[in-house]
Amino acid sequence: MRAVRVVRHGRPTEVIEVQDIPVPDVEPGGVRVAVSAAAVNFGDIARCRGGIASVMAQPPFTLGMDVCGVVDAAGAGAEEWIGRRVVAMCALSFGGMADAALAPVSSVFDAPSELDDIEAAAFLLPFHTTYLALHLRAKLQPGETLLVVGGASSLGTAAIQLGAAAGAHVIAVAGGREKGELCRKLGAELAIDHLSDDIFEQVMAHTDERGADVVCDLVGGPGTETIWTCVAYEGRYLPVGFNDDPESGFTGRPLRKVSMGNFSVVGVLLAYMPASLGMRQFGVVPTPPERGEEVHAALGKLVAEGAIRPFIGRRISLGQVAAALEDHEQRRTRGRTVVDLSLPA
Ligand SMILES: NC(=O)c1ccc[n+]([C@@H]2O[C@H](COP(=O)([O-])OP(=O)(O)OC[C@H]3O[C@@H](n4cnc5c(N)ncnc54)[C@H](OP(=O)(O)O)[C@@H]3O)[C@@H](O)[C@H]2O)c1
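Because the structure is predicted, anything quoted here is derived from the model rather than measured. (Residues numbered from 1 in each chain as written. Predicted model: local features only at pLDDT ≥ 70, side-chain atom pairs only at ≥ 80, totals over all residues. Heavy atoms only, no water.)

For the rest of this paragraph, the subject is the site of the ligand. In the neighbourhood of the ligand, 24 residues make up the surrounding shell, with Lys179, His194, Asn243, Asp244 and His328 lying closest. In this structure, Asn243 approaches the ligand through a side-chain N or O atom, which is 2.6 Å from an oxygen atom. When the ligand sits alone it has 940 Å² of accessible area, and the protein chains cover 88% of it. Of all the elements in the fold, those that place two or more residues in the shell around the ligand are helix H3 (117-137), helix H4 (154-165) and helix H11 (321-329). Looking at which domains feed residues into the shell around the ligand, each of domain 1 (2-123 + 311-340) and domain 2 (139-265) supplies at least three. (Near = heavy atom within 4 Å. Polar contact = N/O pair within 3.5 Å; in protein donor to acceptor, adjacent residues only side chain to side chain. Areas by Shrake-Rupley, 256 points an atom, 1.4 Å probe, with all protein chains shown as cover. Helix = DSSP H or I, 4+ residues; strand = E, 2+ residues; numbered from the N terminus. Domains from an automatic or database assignment.)

As structure tokens, then:
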């Protein structure tokens, strides 16, 4: 089968090859998906370059965290999934950009019938992550103000829509006019251009100097403390992503500023699985698997109502993944990039 392989760590266009590799075997409690579409994630860049990512691997390995396709094989205990059209997060977040990919059942869901395969592949990871963040973790309320930092990113385009669907006043931060326009189209009342605007001044002016009740930050890095000044009294700050941080958020931040700001820092991790002691020892506490179905059902309802729809910036072939990763790295993308397996590599 065809697979997008990282053959050594380095610049995507120099170390990624489309190779022919054996079809993987299923394991107990897991399924194999005949992949029709797979999504590109910012985290793939660090994996490729050998930078800091939540899950890392030594080359050679196949990229691809999330897919849409049909289950063509199932391990013991997962037989009920055979033949179903699904969206899935791949085992250890690798292997999706290939003709077949493995996934544990706790990360496999029926694909929403309203979405075609490309849209369904674009839907899963951004909407599940930001739903967990806004609703289960930050408990966003109608009428509250939500600030989405990195509004035109894949996850940002989902967070804006979920915020608007929840009846929140959404403010987005993005770089440049086109990205701002996209954020407004998706439901942001205000799009702040971080290339030309003062983020603090704009947020304060828009919120009668209250600040944002919930902040969904997909960027982190040097701007974090400025973003913290935008959080309302008793607000919730969600450090969801770290696009502007080569240390991927592992650098320290002055907690005194959280204390002075009277707000909460609320973590979120998209990983549906039972917590093991081994994981806990490394500080990883995943979301209980049953929550995944709950979130998927709530999102499915919003899709059916037309309240949310994944925003696809580009549809590419397997052979275009390396260049697409560099485009994500250079901020040249909007929304999600999806690999269409029906296109010749
Ligand atoms: N917590 C979780 O469970 C979880 C799950 C999934 C993803 N994530 C994280 O969520 C974040 C967003 O992922 P994504 O796939 O949505 O990202 P993406 O679509 O690739 O985002 C790209 C955008 O990020 C912004 N950005 C800010 N600083 C940047 C920098 N130094 N270099 C490149 N881009 C920068 C740029 O927008 P502007 O030009 O507008 O600034 C750029 O266009 C990632 O950090 C990812 O690891 C977390």
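Right, let's talk about unusual backbone geometry for a bit. Geometrically, the link from Pro59 to Pro60 is a cis peptide bond, its omega value of 0° lying close to zero. Among the structural elements, Pro60 can be located in the loop between helix H2 (43-49) and strand E4 (61-62). Of note, the phi angle at Glu234 is positive, near 60°, even though the residue is not glycine. Within the secondary structure layout, Glu234 lies in strand E13 (residues 231-239). Unusually for a residue other than glycine, Ser248 sits at a positive phi of about 55°. Within the element layout of this structure, Ser248 appears in the loop between E13 and helix H8 (255-261).

Domain boundaries assigned for the protein chain yield domain 1 (2-123 + 311-340) and domain 2 (139-265). For domain 1 and domain 2, the distance between their C-alpha centroids amounts to 28 Å. Taken together, the contacts link 9 residues of domain 1 with 15 residues of domain 2. Of the roughly 1,100 Å² buried where domain 1 meets domain 2, counting both sides, 54% is carbon and sulfur surface. The tally of links from domain 1 across to domain 2 stands at 1 salt bridge. (Contact = heavy atoms within 4.5 Å. Buried area = accessible area lost by both parts, 1.4 Å probe. Salt bridge = Lys/Arg side-chain N within 4 Å of Asp/Glu carboxyl O.)

As a further point, take empty space enclosed by the protein. The final tally for this structure, using the stated rule, is 1 cavity of 30 Å³ or more. Of the pockets and cavities examined, the largest cavity occupies roughly 40 Å³. Every residue along the wall of the largest cavity is listed here: Ala122, Pro126, Phe127, Ser154, Thr157, Ala158, Gln161, Arg309, Pro310, Phe311 and Arg336. Breaking the lining of the largest cavity down by element, the ones donating at least two residues are H3 and H4. Here the lining of the largest cavity gets 4 residues from one element, more than from any other, and that element is H4. Classifying every residue of the lining of the largest cavity by side-chain character gives 6 nonpolar, 3 polar and 2 charged. Looking at the lining of the largest cavity, you find at least three residues from each of domain 1 (2-123 + 311-340) and domain 2 (139-265). (1 Å grid on protein atoms, 1.4 Å probe; cavity = no way out; pocket = protein on both sides within 12 Å on 5 of 7 lines; lining within 4 Å. Points joined across faces, edges and corners; volume = space filled by probe spheres on them. Nonpolar A, V, L, I, M, F, W, Y, C, P; charged D, E, K, R; others polar.)

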